[in-house]
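# Remarks on the overall topology
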Amino acid sequence: MTRVTTADLDRLEFQAVQSGDHSAVAEQLLDLANRVEADSEVCRAELFVRAGEQWEMAQDAERAARAYQRAIDDGGETMIDARALLAGALLELNRVDEAYAYLERLKAVGVRNLPTYIHVTETLMAHSDLENALAWATRGVECFQHQDVSPYMHDLLLELLRIRYRIRVDLGLDEDHLDKLLDA
C-alpha cells in the first residue's frame, strides 16, 4: 500500500506533458490506484479519473472509459464527476446513447460542482450539441449564481457564463438575464 499526494499527481502529470508519453503515465496512475491506502491525500477514484484523462490525451478513449468506470465503481469523490468524464469518452467512441444515459443519470442525482458543469458543457459543444450544452451551462449557472463562493469558484462561474454566452451567440439567441451577469 502507498500514499499519494497532490504533489505526486503534479509530478506525474508534468512528466506526461514533458515526455508526451501519456500512456505510460496512465499506467503508473492505474498502478497507484490499485495500491493506494484508504487514508491517502488523493483517493483511489481520483487516481482512476486522472488515469482516464491521460488515456484520453493518448487518444485511447476505450481505456479512458474503463478507467472512468472504475472510478464510478469505486464511489470516491473526484474533482470532476466520473460519470461526466465517462460520457465524454463514450461520445468519442460514438456510443452516443450510452453517453447520454450517463448524462441523464448525472442530472438525476445532481451535479455537485462547477468543474463538472463546465466539463459537460464543453464536451457537448465539442460534439456539436449546442442546445444540450446551453441547457447544462444554464443549469450550472442557476445552481451556483447565488452561492457565497471562493474567488476560485467565482472564476469558474465566470468561465461557465462566458462559455454559455458563446453558445448563445452561436445559436443566434438574444442576450438574456444570465448573460448580463458578465457585465456585473
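Positions within a chain are numbered from 1, following the residues in the order the chain's sequence is written. Where totals are concerned, whole chains, interfaces and linings use all residues; where local detail is concerned, this predicted model gives features only for residues with pLDDT of at least 70, and gives and counts side-chain atom pairs only at 80 or more. Excluded from the side-chain calculation are hydrogens and water; included are all heavy atoms of the structure.

### A few points about the overall build of the protein
Strands are runs of DSSP state E lasting at least 2 residues, helices are runs of H or I lasting at least 4, and numbering of each runs from the N terminus. A count of helices and strands for the protein gives nine helices and zero strands. What you see in the protein, going N to C, is helices and strands ordered as α-α-α-α-α-α-α-α-α. Taken over C-alpha atoms, the radius of gyration is set against a globule rule of 2.2 Å times the number of residues to the power 0.38. The C-alpha atoms of the protein give a radius of gyration of 17 Å, which matches the 16 Å a tight globule of 184 residues would have. Along the first, second and third principal axes, the C-alpha set of the protein runs to 55 × 35 × 35 Å. Classification of the 184 residues of the protein by burial places 45% in the buried group. By the convention used here, residues are in contact when the closest approach between their heavy atoms is within 4.5 Å. Sequence separation of at least 24 residues holds for 58% of the intrachain contacts in the protein that already meet a minimum separation of 6. Taken as a whole, the protein presents about 9,700 Å² of accessible surface, with 48% of it coming from carbon and sulfur. For the purpose of charge, His is not counted, nor are the chain termini; Lys and Arg are scored as positive and Asp and Glu as negative. For this purpose, a charge sits on NZ of Lys, CZ of Arg, CG of Asp or CD of Glu. When the 19 positive and 35 negative side-chain charges of the protein are each reduced to one mean point, those points stand 3 Å apart. Partly exposed describes any residue whose relative accessible area lies between the buried limit of under 20% and the exposed limit of over 50%, with all areas from a 1.4 Å probe on protein chains only and scaled to the type maximum. Methods summary: accessible areas were calculated by the Shrake-Rupley approach with a probe of 1.4 Å, and residue burial reflects only the protein chains presented.

### Remarks on the packing of helix H5 (residues 82-92) against helix H7 (residues 114-126)
All axes here are fitted lines through C-alpha atoms, helices being fitted over the stretch that makes contact, and every angle between N-to-C directions spans 0 to 180 degrees. Taken N-terminus to C-terminus, the directions of H5 and H7 make an angle of 10°; their axes are 9 Å apart at the nearest point. Between H5 and H7, the crossing angle belongs to the class labelled roughly parallel. With respect to the hand of their crossing, H5 and H7 are arranged in left-handed fashion. On the side of H5, the interface is formed by Ala-84, Leu-85, Gly-88 and Leu-91, while H7 contributes Thr-116, His-119, Val-120 and Thr-123. The residue inventory of the contact of H5 with H7, partitioned by class, reads four nonpolar, four polar and no charged. Just so you know how the angles are binned, under 35 degrees is roughly parallel, over 145 roughly antiparallel, 65 to 115 roughly perpendicular, and the rest oblique. Note on convention: the crossing is left-handed when the near helix lies turned anticlockwise from the far helix by less than a right angle, right-handed when the turn is clockwise. Note that Gly is not counted as nonpolar here; it falls among the polar residues with everything else outside the nonpolar set of Ala, Val, Leu, Ile, Met, Phe, Trp, Tyr, Cys and Pro and the charged set of Asp, Glu, Lys and Arg.

### Details of the nonpolar core
Only buried residues count toward a nonpolar core. Its members are Ala, Val, Leu, Ile, Met, Phe, Trp, Tyr and Cys residues joined through side-chain atoms within 4.5 Å. Among the nonpolar cores identified, the biggest contains 57 residues, and Leu-29, Leu-47, Leu-114, Val-120, Trp-136 and Leu-160 are the most heavily contacted of them. Considering every element that reaches this core, the biggest residue donor is H5, with eight residues. Beyond its immediate stretch of four places on either side in the chain, Leu-160 contacts Leu-114, Tyr-117, Ile-118, Thr-121, Ala-137, Gly-140 and Val-141.

### Overview of the side chain of His-119
Counting through the fold element by element, His-119 comes out in helix H7. Every residue in contact with His-119, bar those within four places of it in the chain, is listed here: Ile-80, Ala-84 and Leu-85.

### Some remarks on helix H8 (residues 130-144)
A helix is expected to reach a length of 1.5 Å times the quantity of its residues less one. Compared with an ideal rise of 1.5 Å per residue, which puts 15 residues at 21 Å, H8 spans 21 Å between its outermost C-alpha atoms and is within 8% of the ideal. Listing the buried residues of H8 in full gives Leu-130, Ala-133, Leu-134, Trp-136, Ala-137, Thr-138, Gly-140, Val-141 and Phe-144. Where H8 is buried, its residues meet helix H6 (96-109), H7 and helix H9 (151-170).

### Points about the pattern of salt bridges
When a carboxyl oxygen of Asp or Glu is within 4 Å of a side-chain nitrogen of Lys or Arg, the pair counts as a salt bridge. For the coordinates displayed, the defined rule picks out 16 salt bridges. Note that Arg-35 and Asp-31 form a salt bridge whose closest N and O atoms lie 3.0 Å from each other. Placement of both Arg-35 and Asp-31 in helix H2 (residues 22-35) is noted, with a separation of four residues, approximately one turn of the helix. Its relative accessible area of 35% is what places Arg-35 among the partly exposed residues. On the basis of relative accessible area, Asp-31 is assigned to the partly exposed category, the value being 37%. Notably, a salt bridge pairs Glu-104 with Lys-107, separated by 3.3 Å at the nearest N-O pair. Here Glu-104 pairs with Lys-107, and both are found in helix H6, just three residues apart, close to one helical turn. Salt bridges linked by common partners bring Arg-164, Arg-168, Asp-176 and Asp-179 together as one network.

Everything listed here is a matter of geometry and, on its own, says nothing about what the molecule does.
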